[in-house]
Number of protein chains: 2
Amino acid sequence: MAEKDTKERILDAAEELFAEFGFAHTSMRKITSTAGVNLAAVNYHFGSKEELIKAVFTRRLMPINAERLRRLAEVEAGEPTLEALLEAFIAPHLEMKEAGGNDRFVCLIGRSYTDHAPLLNEHVRALNKDVVARFKAAFSAQLPHLPRRELSIRLHFLVGTVAYTMAGPEMIHLLRGVRISEGDNAKALVERLVPFLAAGLRAPLPEQLPEFVVSRAS
Amino acid sequence: MAEKDTKERILDAAEELFAEFGFAHTSMRKITSTAGVNLAAVNYHFGSKEELIKAVFTRRLMPINAERLRRLAEVEAGEPTLEALLEAFIAPHLEMKEAGGNDRFVCLIGRSYTDHAPLLNEHVRALNKDVVARFKAAFSAQLPHLPRRELSIRLHFLVGTVAYTMAGPEMIHLLRGVRISEGDNAKALVERLVPFLAAGLRAPLPEQLPEFVVSRAS
DNA sequence: GTATCATCCAAACGTTCGTTTGAACCATAC
DNA sequence: GTATGGTTCAAACGAACGTTTGGATGATAC
């Protein structure tokens, strides 16, 4: 009881502070004092700051990815379109509010892709691995003309667009004051992202595409 | 002589380390030892770590933005196309190598957009302000049907795509080992980004577009 | 020669960090 | 009652941080 209470208070405080100040600039003392718990509580319940960060993401990402797969199955049950796939892929992140999520976390997700934190990147990548593979196959089926390699690159572009859009403290820097959790802003954003991304994914390939030169290992 | 040498050695080391480890995880001691200078040199020449970070960006961003404006003028001298504008906007970042830039800086530029460092964000925004305004007008002329507000949003998507693509330690996570400075990878990347982004910018608007709800202060 | 000035340097400053400790607390089980 | 085991707590740990100091260094001007 008290345990779970403390753990969740810590997760909530950490989520909020990480989103606002970043991981490196959020100290354990700030987290625990915001959560109203003892300084040692984080190490007791999570082991370390690093593990706390991972726990913050795991808590939100698991239900989001479940929802993404649910929507994917729903779309594939009918006659899938590229737009429907994109919405299934993107919307669960932005509409987290209804799933009990704090809208602060939306910008944390974005940051998990863009921040330099190798251990976190790997953790998030692992959490998303199955979902990404499933969606990649679905996208590929909708874009049969696109070589696998080129699809991968364009999906990378896609992730960048979404991550950057989510990473801002306000949803969009240009529109200061727009918050994802307000009204139907999530829907407004999805309905702008989907046509943009669908058109990008469908864009014809240039006739002569120079290959990338791979150096180094792996 | 020795001064300029020291300053540039510091800038080079800082650029490299910031790109690899991020700002918060790069200590002054690591910077100065990598540069082979005394610990106090940074504070002597730059005043503080914060000012050093700004100097790292100013050094590279000024010539890049000059080049962007030069290319924009070149494009506008003929009959501009959306693709040509995009290339003028994007390519100077990626082809910095030829301008004497370290390819490590490419990923630093990306990070300057995505990292949470308000003072740096503002600094970079100020450095880019004029360029962005000029290009925005040029894009608007190529997309006369697109309401200004919607153009702004799509340009935000664009920046996200480019920034995220540049922010990875390797140019593209999917293609480990691809480095922008190798061979013509910059060109290969530009020729994939441009069609993707041009198609996205040109995408038709949905008939019914829900407006964003603005809360809070500006 | 001496004076001047920017630069460099070893050493230390005070602060903050993540983590650990060992005792106190308080349910529940016996 | 006593024992147990998970939880909380104040306090302290050593390490790393950005910054400052005051003198040494070395070139240039006179």
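Structure shown above.
Read on for a plain summary of the structure. None of these values were measured; they are calculated from a predicted model. (Residues numbered from 1 in each chain as written. Chains lettered and ligands numbered in written order. Predicted model: local features only at pLDDT ≥ 70, side-chain atom pairs only at ≥ 80, totals over all residues. Heavy atoms only, no water.)

**Focus on the relation of the copies chain A and chain B**
Superposing chain A onto chain B requires a rotation of 180° together with a translation of 0.1 Å along the rotation axis, leaving an RMSD of 0.1 Å. Those values place the two copies in the arrangement expected of a two-fold rotation axis. Mapped onto chain B, 100% of the interface residues of chain A are again interface residues, and the two copies thus contact each other with one and the same surface. (Least-squares fit on C-alpha atoms with pLDDT ≥ 70 in both. Contact = heavy atoms within 4.5 Å.)

**Overview of the interface of chain A and chain B**
Tallying the contact residues gives 60 residues for chain A and 60 residues for chain B. Regarding the contact of chain A and chain B, the summed buried area is about 5,700 Å², with carbon and sulfur atoms giving 65% of it. Ranking the residues of chain A by area buried against chain B places Tyr164(A), Arg192(A) and Phe196(A) at the top, with a combined share of 15%. Our count for the contact surface shared by chain A and chain B stands at four salt bridges. Residue Arg192(B) pairs with Glu211(A) through a salt bridge whose shortest N-O separation is 3.6 Å. The interface formed by chain A and chain B holds five residue pairs in polar contact (both at pLDDT 80 or more) in total. Per-element tally for the side of chain A that touches chain B: the top contributor is helix α8 (residues 148-167) of chain A, with 13 residues. Residues belonging to the side of chain A that touches chain B are distributed by class as follows: 30 nonpolar, 16 polar and 14 charged. (Buried area = accessible area lost by both parts, 1.4 Å probe. Salt bridge = Lys/Arg side-chain N within 4 Å of Asp/Glu carboxyl O. Polar contact = N/O pair within 3.5 Å; in protein donor to acceptor, adjacent residues only side chain to side chain. Helix = DSSP H or I, 4+ residues; strand = E, 2+ residues; numbered from the N terminus. Nonpolar A, V, L, I, M, F, W, Y, C, P; charged D, E, K, R; others polar.)

**Some thoughts on helix α7 (residues 118-142) of chain B**
All names here are of chain B. Bending of α7 peaks at approximately 50° at the position of Asn128. Here α7 has its buried residues at Leu120, Asn121, His123, Val124, Asn128, Val131, Phe135, Lys136, Ala138, Phe139 and Ser140. For α7, the secondary structure elements touched by its buried residues are α4 (49-77), α5 (82-94), α6 (104-114), α8 (148-167) and α9 (185-202). (Bend = angle between axes of the 7 residues up to and from the residue. Buried < 20%, exposed > 50% of the residue type's maximum accessible area, 1.4 Å probe, protein only.)

**What about the packing of helix α5 (residues 82-94) of chain A against helix α7 (residues 118-142) of chain A?**
Residues and elements named next belong to chain A. For the pair α5 and α7, interaxial distance at closest approach is 10 Å and the crossing angle is 165°. As summarised for this structure, α5 and α7 are arranged roughly antiparallel, according to the angle between their axes. For the crossing formed where α5 meets α7, the hand is left-handed. Of the residues in α7, those in contact with Leu82, Leu85, Leu86, Ala88 and Phe89 of α5 are Phe135, Ala138, Phe139 and Gln142. Here the residues of the contact of α5 with α7 are counted per class, giving eight nonpolar, one polar and no charged. (Axes fitted to C-alpha atoms, helices over the stretch in contact; angles between N-to-C directions. Parallel < 35°, antiparallel > 145°, perpendicular 65-115°, else oblique. Left-handed = near helix turned anticlockwise from the far one by under 90°.)

**Topic: the packing of aromatic side chains**
Within the structure shown, the criterion is met by 14 aromatic pairs over all chains. Residues Phe89(A) and Phe139(A) carry aromatic rings whose centres are separated by 6.1 Å and whose planes lie at 80° to one another, so their mutual orientation is edge-to-face. In this pair, Phe89(A) is assigned in helix α5 and Phe139(A) in helix α7, connecting sequence segments 50 residues apart. As far as the burial class goes, Phe89(A) and Phe139(A) line up, both buried. Cluster of aromatic residues (ring-pair linked, three or more members): Phe18(A), Phe23(A), Phe57(A) and Phe105(A). Here the basic side chain of Lys7(A) rests over the ring of Phe46(A), its NZ or CZ set 5.8 Å away from the ring centre. Its guanidinium or amino end placed over the ring of Phe89(B), Arg68(B) lies 4.2 Å from that ring's centre, counting from NZ or CZ. (Phe/Tyr/Trp six-rings, centres within 6.5 Å; stacked < 30°, edge-to-face > 60°. Lys NZ or Arg CZ within 6 Å of the ring centre and 35° of its normal.)

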